[in-house]
Amino acid sequence: MYDAIVIGGGIVGMSAAYHLVRGGAKTLLIDRHHEGRATDAGAGILAPATSGVTLDPAWFAFGVICVDYYPALIGQLRQEQDGDTGYAVCGKLTVAVSEDEIAPFQHAREVVWERQRRRGIPSSDDLYDVTSEQAQAIFPLLAPVHGAFYYRGGARVDGRMLTAALAKASASHHLEQKQSMVDRLIIEDGQVVGAVADGESFRAGKVIIAGGAWSRQFGDQLGVQIPVEPQRGQIVHLDLPDVDTSAFPVIVAFHGHYMVPWADHRIVVGATRETGSGFDPVTSAIGMQEVLGEALRVAPGLKSAQFREIRVGLRPNTIDNLPVLGEVPRIGNLFLSTGHGASGLQLGPYSGKLAADWALGQTLETDISAFRISRFN
Ligand SMILES: Cc1cc2nc3c(=O)[nH]c(=O)nc-3n(C[C@H](O)[C@H](O)[C@H](O)COP(=O)(O)OP(=O)(O)OC[C@H]3O[C@@H](n4cnc5c(N)ncnc54)[C@H](O)[C@@H]3O)c2cc1C
């Protein structure tokens, strides 16, 4: 008998399990580790404060809390285990390279500055316009730009490394893990009391579903729709053996793509957003053409970069781009933490913590009412 079972071992489930075992709960994490796990492919951009789209206010408030949680979590993990997480505050440069991007750039700039006026985030010291020359000095591979602004607080994280670090720290707090597929929940008198994985039953006081794009399979049993859909993303890792990439910022332009630098002479360029892809984590010629064409348009200095690898993941998307967090009406002992879409590396560690707080019987410190499953049902 466990205090808690967590279904799913991506960033959300692993964070939930980590916070549970740190809180003293006897916990079992069951993870199938499907091919296409989003956490393994995610670019890792952490910068909700400079998102240039008009965001749902609930998402924005939550996104800022989630990313503010990172430094404390990373500091804690450094003390508990010796693996790196890839977390760094590297800055973020938003650019308009071609004329068709000028209008969306100006719109994004207005959104970000207006939000700053209203909420004071980011601080004016951390957000400023830069000239084309300054932009190229910050990121020398860049094309000349029509406009650019820089956010000093932009950060990035490596989803695989962070998940591995959480797993390592959790093991020292006695997390039990099983690589297996949960076929169904065990429900008695309207209460979830466990799960069946590969024919074996496991009982627990609380169950958390953090199954990413695969979460909807539990909807029928729970009598609710969990409208989370896979959206394929293909992303390319490029090597620049002769270039020092360690001080480069994240780059975002306006054809829906971005670049994320890493200290090991690597730049990650992405990504496709293939809505309706189904559960099919494949790479494609057209996907590569899109991602590489866009990368070279924004940063012609990448033309001699070498291929390291292509990653592909299935984002757990919802129709309103908000996550699904909280209990399910009329079902006891169950918490959903899924539907994090294109922002799960930003939101996931803190979402997992909230799920753990719930299972530990604590009052949630953050309002998640906008994210409840009842908005769909
Ligand atoms: C190309 C790409 C770029 C991205 N870039 C960013 C970014 O820059 N910033 C950002 O914040 N986010 C980004 N994301 C999104 C982010 O990666 C995801 O939102 C996040 O990783 C989702 O985490 P998760 O734990 O919910 O799901 P996943 O990582 O998909 O993990 C779900 C896990 O649950 C397991 N599972 C499911 N069902 C069962 C079952 N029945 N039994 C057992 N196990 C089960 C699966 O096997 C899997 O291991 C990106 C995603 C992609 C694909």
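Note that the structure is predicted; figures quoted are calculated from it, not measured.

Draft legend 1. Quick peek at the overall build of the chain. Along the chain, the regular secondary structure elements total nine helices and 20 strands. Seen through its C-alpha atoms, the chain measures out along the principal axes to roughly 65 × 45 × 40 Å. Across the 377 residues in the chain, those meeting the buried criterion constitute 50%. The long-range fraction of contacts in the chain, counting pairs at least 24 apart against all pairs at least 6 apart in sequence, stands at 75%.

Draft legend 2. Inspection of the domain arrangement of the chain at higher detail. In terms of domains, the chain is made up of domain 1 (2–41 + 160–228 + 320–375) and domain 2 (92–152 + 232–315). Inter-centroid distance (C-alpha atoms) of domain 1 to domain 2 is 31 Å. With nine residues of domain 1 in contact, the opposing surface of domain 2 contributes nine residues. Among the residues making up the side of domain 1 that touches domain 2, the classes are represented as four nonpolar, two polar and three charged.

Draft legend 3. Representation of the site of the ligand. In the vicinity of the ligand lie 44 residues, with Gly 10, Gly 42, Gly 212, Gly 233 and Gly 344 positioned nearest. Where the shell around the ligand is concerned, the elements lending two or more residues are α1 (11–22), β2 (27–31), β13 (229–239), β18 (306–317) and α9 (344–359). For the shell around the ligand, the leading source of residues is α9, giving four residues. Grouping the constituent residues of the shell around the ligand by class yields 18 nonpolar, 22 polar and four charged. For the shell around the ligand, the domains that each give at least three residues are domain 1 (2–41 + 160–228 + 320–375) and domain 2 (92–152 + 232–315).

Draft legend 4. Structural context of the pairing of strand β20 (residues 334–338). With five of five residues buried, β20 lies mostly within the body of the structure. Burial along β20 is two-sided: Leu 334, Leu 336 and Thr 338 and Phe 335 and Ser 337, pointing in opposite directions, are all buried. Inspection of the sheet shows strand β12 (residues 200–209) paired to β20 by three bridges, in the parallel sense. Bridge assignment links Val 207 to a residue of β20, and that residue is Leu 334. Note: strand β19 (residues 324–327) against β20, four bridges, orientation antiparallel. Bridge pairing links Leu 325 to Ser 337 in β20. The antiparallel hairpin formed by β19 and β20 contains six residues in its connecting segment, where Arg 330 sits at a positive phi of about 65°.

Rules of the game
- Residues numbered from 1 in each chain as written.
- Predicted model: local features only at pLDDT ≥ 70, side-chain atom pairs only at ≥ 80, totals over all residues.
- Helix = DSSP H or I, 4+ residues; strand = E, 2+ residues; numbered from the N terminus.
- Buried ≥ 20, exposed ≤ 12 C-beta atoms within 10 Å, placed from the backbone.
- Contact = placed C-beta atoms within 7 Å.
- Domains from an automatic or database assignment.
- Nonpolar A, V, L, I, M, F, W, Y, C, P; charged D, E, K, R; others polar.
- Near = placed C-beta within 6 Å.
- Pairing = 2+ DSSP bridges.

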